[in-house]
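Descriptive structure summary
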Amino acid sequence: MKIVSIRDIHIGEGVPKIIVPLMGRNEEQLLLEIKTIKQAAPDIVEWRADMLEEIENLEVVKKTASTIRDALFPIPLLFTFRSHREGGNKIIDDAYYQKLLENVMRTKAIDLIDVELFSSNVSGIVEAAHANGIYVVMSNHDFEKTPPKEEIVWRLRRMQDLGAHIPKIAVMPKIPTDVLTLLDATYTMKTLHADRPIITMSMASTGVVSRIAGQVFGSDATFGSGMEASAPGQIPAGELRKMIGVLHTT
């Protein structure tokens, strides 16, 4: 198993890591948000850059990335532009998506970058991340349904084949057994195919159990909310840490 290590954070060993999103619309809001979420002692912070009002101004994006980095260090920073088709806040074209990610990577202000599995030229983006020493969290989000187990496993394996350091998938349950499908797929991936950390989750209130107990089945990190949740079903980070702690002390 390949461990993803960023300073003192080791993803893939020990207690699952808690990732907390930054959702501010501008630098002022982001700095205020950082002060609050640092109190929850997140293992990793995710900057949801699709929430930024001036996301189409690359100079503003790069300056904001550096500001966030300075305010958070040494906490690892994950940069995410969530596309509109996968639940994000803004619509941009594929060419700008790649340009945005590559510009942010070159700043070296981030440690990890989210690359969507079904984005255009995903191999080129991954190659750029490797060249810049940035870890790739390759992701896929289905807000409509939970695909069959075999499809979930295929997507995670495809991410691994494409060079993701951490494959990640989030799906929407319609019925409680959909959560079991996600957890079963996680366990199969972890025990039969994965040679690196993976992150999986079932969303909304029905899927909350997957955010708390995902590591039992093989998920190496989970997302907890800070000032604002970035997806349905997120638990406040402080409460999530207590719940995970109970699982690892009993």
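Model, not experiment: these values are computed from the prediction.

1. What to know about the UniProt feature "active site" (unreviewed entry) in the protein
The sites that UniProt annotates as "active site" (unreviewed entry) are His141 and Lys168. Annotated residues spanning 28 residues; largest pairwise C-alpha distance 8.6 Å, indicating a single compact cluster. Here His141 is to be found in strand 7 (residues 135–142). Discounting residues that sit within four places of it in the chain, His141 has contacts with Arg82, Glu86, Lys168 and Ala170. Relative to the assigned elements, Lys168 resides in strand 8 (residues 166–171). For Lys168, the residues in contact, after removing those within four places along its chain, are Arg82, Asp114, Val137, Met138, Ser139, Asn140, His141, Leu156, Met159, Ile199, Met201 and Phe223.

2. Looking at the nonpolar core
Within the largest apolar cluster, 59 residues are counted, with the highest numbers of intra-cluster contacts made by Trp47, Phe79, Leu100, Leu101 and Ile113. Aside from chain neighbours lying at most four places away, what touches Leu100 is Ile55, Leu58, Val61, Phe79, Phe81 and Ile92.

3. Things to note about the pairing of strand 8
Here is the key point about a regular strand: its side chains alternate between the two faces of the sheet. Along strand 8, six of the six residues are buried, which leaves the element largely enclosed by surrounding structure. The two faces of strand 8 match: Ile166, Lys168 and Ala170 on one face and Pro167, Ile169 and Val171 on the other face are all buried. In terms of strand pairing, strand 7 meets strand 8 through six bridges, oriented parallel. Within the sheet, the bridge partner assigned to Met138 lies in strand 8 and is Pro167. A crossover connection joins strand 7 to the parallel strand 8 through helix 5 (residues 149–161); in handedness this β-α-β unit is right-handed. As paired strands, strand 8 and strand 9 (residues 199–202) are joined by four bridges and run parallel to one another. Bridge pairing in strand 9 places Val171 opposite Ser202. Note that the unit made of strand 8, helix 6 (residues 176–193) and strand 9 has a crossover that is right-handed.

4. So, the UniProt feature "binding site: 3-dehydroquinate" (unreviewed entry) in the protein
Listed under "binding site: 3-dehydroquinate" (unreviewed entry) in the UniProt record, and renumbered for this structure, are Glu46, Trp47, Arg48, Arg82, Arg211, Ser230 and Gln234. Tracing the chain through its elements places Arg48 in strand 4 (residues 44–48). Assessed through its relative accessible area of 5%, Arg48 is described here as buried.

5. What to know about the packing of aromatic side chains
Any aromatic ring pair is given by two values, namely how distant the centres are and how the planes are angled relative to each other. Applying the stated criterion to the full structure yields two aromatic pairs. Residues Trp47 and Phe79 carry aromatic rings whose centres are separated by 5.3 Å and whose planes lie at 80° to one another, so their mutual orientation is edge-to-face. Highlighted residues: Trp47 in strand 4 and Phe79 in strand 5 (residues 77–80), separated in sequence by 32 residues. Overall, Trp47 belongs to the buried group, its relative accessible area being 0%. Taking the relative accessible area as the measure of exposure, Phe79 reaches 0% and is therefore buried. Both rings, one in Phe81 and one in Tyr97, keep their centres 6.3 Å apart while their planes meet at 70°; by these two values the pair is edge-to-face.

6. Section: the sheet that holds strand 9
Whether parallel or antiparallel, the strands of a sheet pair through hydrogen bonds between backbone atoms. Spatially, 9-8-7-6-5-4-3-10-11 is the arrangement adopted by the nine strands of the open sheet, whose pairing is parallel. On the outer flanks of this sheet lie strand 9 and strand 11 (235–236), each paired with one strand and no other. The sheet strands contacting helix 4 (residues 122–131) are strand 6 (112–116) and strand 7, and the helix crosses strand 7 at an angle near 150°.

7. Considering the environment of Ile244
Within the secondary structure, Ile244 is located in helix 8 (residues 237–247). Along the chain, Ile244 and Gly214 lie 30 residues apart, while their C-alpha atoms are 9.6 Å from each other. Not counting the four nearest positions on each side in its chain, Ile244 is found in contact with Val15, Pro16, Ile18, Arg211, Ile212 and Thr222.

8. Side note on the packing of helix 6 against helix 7 (residues 208–217)
Two elements in contact, helix 6 and helix 7, have axes separated by 10 Å at closest approach and are oriented at 30°. Judged by the inter-axis angle, helix 6 sits roughly parallel to helix 7. Our pair here, helix 6 against helix 7, has a crossing hand that is right-handed. Together, Val179, Leu182, Leu183, Thr186, Tyr187 and Lys190 of helix 6 and Val209, Ser210 and Phe217 of helix 7 make up the contact between the two elements. Partitioned by chemical class, the residues of the contact of helix 6 with helix 7 number six nonpolar, two polar and one charged.

Reading guide: rules and limits
Residues numbered from 1 in each chain as written. Predicted model: local features only at pLDDT ≥ 70, side-chain atom pairs only at ≥ 80, totals over all residues. Heavy atoms only, no water. UniProt positions renumbered as here; feature names shortened; annotations may be inferred. Helix = DSSP H or I, 4+ residues; strand = E, 2+ residues; numbered from the N terminus. Contact = heavy atoms within 4.5 Å. Core = buried A, V, L, I, M, F, W, Y, C linked by side-chain atoms within 4.5 Å. Buried < 20%, exposed > 50% of the residue type's maximum accessible area, 1.4 Å probe, protein only. Pairing = 2+ DSSP bridges. Right-handed = clockwise from strand over helix to strand, strands pointing away. Phe/Tyr/Trp six-rings, centres within 6.5 Å; stacked < 30°, edge-to-face > 60°. Axes fitted to C-alpha atoms, helices over the stretch in contact; angles between N-to-C directions. Parallel < 35°, antiparallel > 145°, perpendicular 65-115°, else oblique. Left-handed = near helix turned anticlockwise from the far one by under 90°. Nonpolar A, V, L, I, M, F, W, Y, C, P; charged D, E, K, R; others polar.

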